[in-house]
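Given next are the chains, with one letter for each unit.
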Amino acid sequence: RQEAEQQRAQQQRDQQRQSQQQADQQYNDILRQQQARAAGDAAQGEAVRRTWQQRPPLAAEKNPLLGRWQSLGTVQRKNGAPGLSPEMAQLANALIGGLTGGLCDSMLGRGTIEFRPAGLVAIGGDGREQPMYSAEYRGGGSRVVVLPQGGTTFTHMIIDFDGADRATVAVVGCGLARAGGGGTAAAALPNTSR
């Protein structure tokens with residue numbers, strides 16, 4: 001009887017060990033998949049960046065992005081997915097907004113920002129300026145691509161314009177509104193960072 005109990009206890013320990021090994025294996029498999037996906041995303045981002053880098057730089061006088069903007073964070077999509085109730089669409093927007101909000105903060109910060117020929121500067125409520133990162137620009141017209149130069153967690157930022165005073169970061173959905181409106185006049189702001 002004592003031997004039978006010892007065998008049962010040993011079998012339970014073996015089963016627990018086996019279950020733990022399976023759980024560890026699943027965790028490691030998922031971790032490897034996530035790392036491979038992240039590496040693939042990084043490689044794709046670098047490929048897009050290289051494609052844009054091969055294009056000529058955007059001259060400051062033709063860059064509609066230059067000037068002061070309000071960073072609006074993630075802009076909710078106006079149209080919900082087909083078949084979703086307005087409540088479900090609102091919930092989906094909230095979830096997606098939470099995920100992409102950190103990306104918007106990383107790329108643009110919060111509040112007033114100024115795109116200058118050499119990079120992006122955050123403008124505090126007291127008017128103090130804090131450089132965020134150096135950048136180059138490509139494209140033009142209704143699409144400008146920002147190529148950050150070191151020290152950022154992203155490889156590029158594609159900005160699509162909706163008129164002269166509104167813009168959105170493609171894919172991520174970060175919204176921008178020109179500070180004080182004024183169309184392209186804000187692009188003539190002097191570069192006071194030097």
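Parameters and conventions
Residues numbered from 1 in each chain as written. Predicted model: local features only at pLDDT ≥ 70, side-chain atom pairs only at ≥ 80, totals over all residues. Heavy atoms only, no water. Pairing = 2+ DSSP bridges. Helix = DSSP H or I, 4+ residues; strand = E, 2+ residues; numbered from the N terminus. Axes fitted to C-alpha atoms, helices over the stretch in contact; angles between N-to-C directions. Contact = heavy atoms within 4.5 Å. Phe/Tyr/Trp six-rings, centres within 6.5 Å; stacked < 30°, edge-to-face > 60°. Buried < 20%, exposed > 50% of the residue type's maximum accessible area, 1.4 Å probe, protein only. Lys NZ or Arg CZ within 6 Å of the ring centre and 35° of its normal. Disulfide = S-S within 2.5 Å. pLDDT = per-residue confidence, 0-100. Polar contact = N/O pair within 3.5 Å; in protein donor to acceptor, adjacent residues only side chain to side chain. Expected span 1.5 Å × (residues − 1).

1. Quick notes on the sheet that holds strand 5 (residues 143-148)
Here's step 1: Strand order in the closed barrel made by the eight strands is 1-2-3-4-5-6-7-8, with antiparallel pairing throughout. Here the strands of the sheet are splayed against their neighbours by 35 degrees on average, with no regard to which way each runs.
Here's step 2: Relative to strand 2 (residues 111-116), strand 1 (residues 67-74) runs antiparallel, the two sharing five bridges. Each residue of the ladder has a partner; that of Arg68, found in strand 2, is Glu114.
Here's step 3: The sheet contacts of helix 1 (residues 2-53) involve strand 4 (129-140), strand 5 and strand 6 (157-161), and relative to strand 5 the element is tilted by about 110 degrees.

2. Re the packing of aromatic side chains
Here's step 1: Scanning the model with the defined rule gives two aromatic pairs in all.
Here's step 2: Taking the centre distance of 5.6 Å and the plane angle of 80 degrees together, the rings of Tyr133 and Phe154 count as edge-to-face. In this pair, Tyr133 is assigned in strand 4 and Phe154 in the loop between strand 5 and strand 6, connecting sequence segments 21 residues apart.
Here's step 3: With a relative accessible area of 8%, Tyr133 lands in the buried category.
Here's step 4: The exposure class assigned to Phe154 is buried, which follows from its relative accessible area of 11%.
Here's step 5: Here Arg55 stacks its cationic end above the ring of Trp52, 4.0 Å away from the centre of that ring.

3. Some thoughts on the pairing of strand 7 (residues 166-169)
Here's step 1: The alternating pattern of strand 7 places Ala167 and Val169 on a buried face and Arg166 and Thr168 on a face that is not buried.
Here's step 2: Taken together, the three bridges between strand 6 and strand 7 define a ladder with antiparallel strand orientation. Paired with Phe161 across the strands is Ala167, a residue of strand 7.
Here's step 3: Hairpin connection of strand 6 to strand 7: four residues between the antiparallel strands, including Gly163 at a positive phi of 85 degrees.
Here's step 4: Note that strand 7 and strand 8 (residues 174-178) share three bridges and pair antiparallel. Within strand 8, the residue paired with Ala167 across the bridge is Leu176.

4. Considering the state of the cysteines
Here's step 1: Taken as a whole, this structure holds one disulfide when the rule is applied.
Here's step 2: Cys104 shares a disulfide with Cys174; S-S distance 2.1 Å. Its S-S torsion of approximately -100 degrees makes the covalent link between Cys104 and Cys174 left-handed. Of this pair, Cys104 sits in helix 2 (residues 86-108) while Cys174 sits in strand 8, and the two are 70 residues apart along the sequence. For the pair shown, Cys104 and Cys174 are each scored as buried.

5. Considering the confidence of the model for the protein chain
Here's step 1: Averaged over all residues, the pLDDT of the protein chain is 80; the fraction at 70 or higher stands at 78%.
Here's step 2: In this model residues 77-81 is a low-confidence stretch, pLDDT under 50, and it forms three contacts with partners more than four residues away in sequence or in other chains.
Here's step 3: Across residues 182-194 the pLDDT falls below 50, and counting only partners more than four positions away or on other chains, this stretch makes 23 contacts in the model.

6. A word on the side chain of Thr112
Here's step 1: Secondary-structure assignment places Thr112 in strand 2.
Here's step 2: At a separation of 2.4 Å, a polar atom in the side chain of Thr112 contacts the side chain of Gln70.
Here's step 3: Beyond its immediate sequence surroundings of up to four residues, Thr112 is in contact with Arg68, Trp69, Gln70, Ala122 and Ile123.

7. Description of helix 1
Here's step 1: In this model, helix 1 (52 residues) spans 75 Å end to end at C-alpha, consistent with the 76 Å of a helix rising 1.5 Å per residue.
Here's step 2: For helix 1, the full list of buried residues reads Gly45, Arg49 and Trp52.
Here's step 3: The elements touched by buried residues of helix 1 are strand 4, strand 5 and strand 6.

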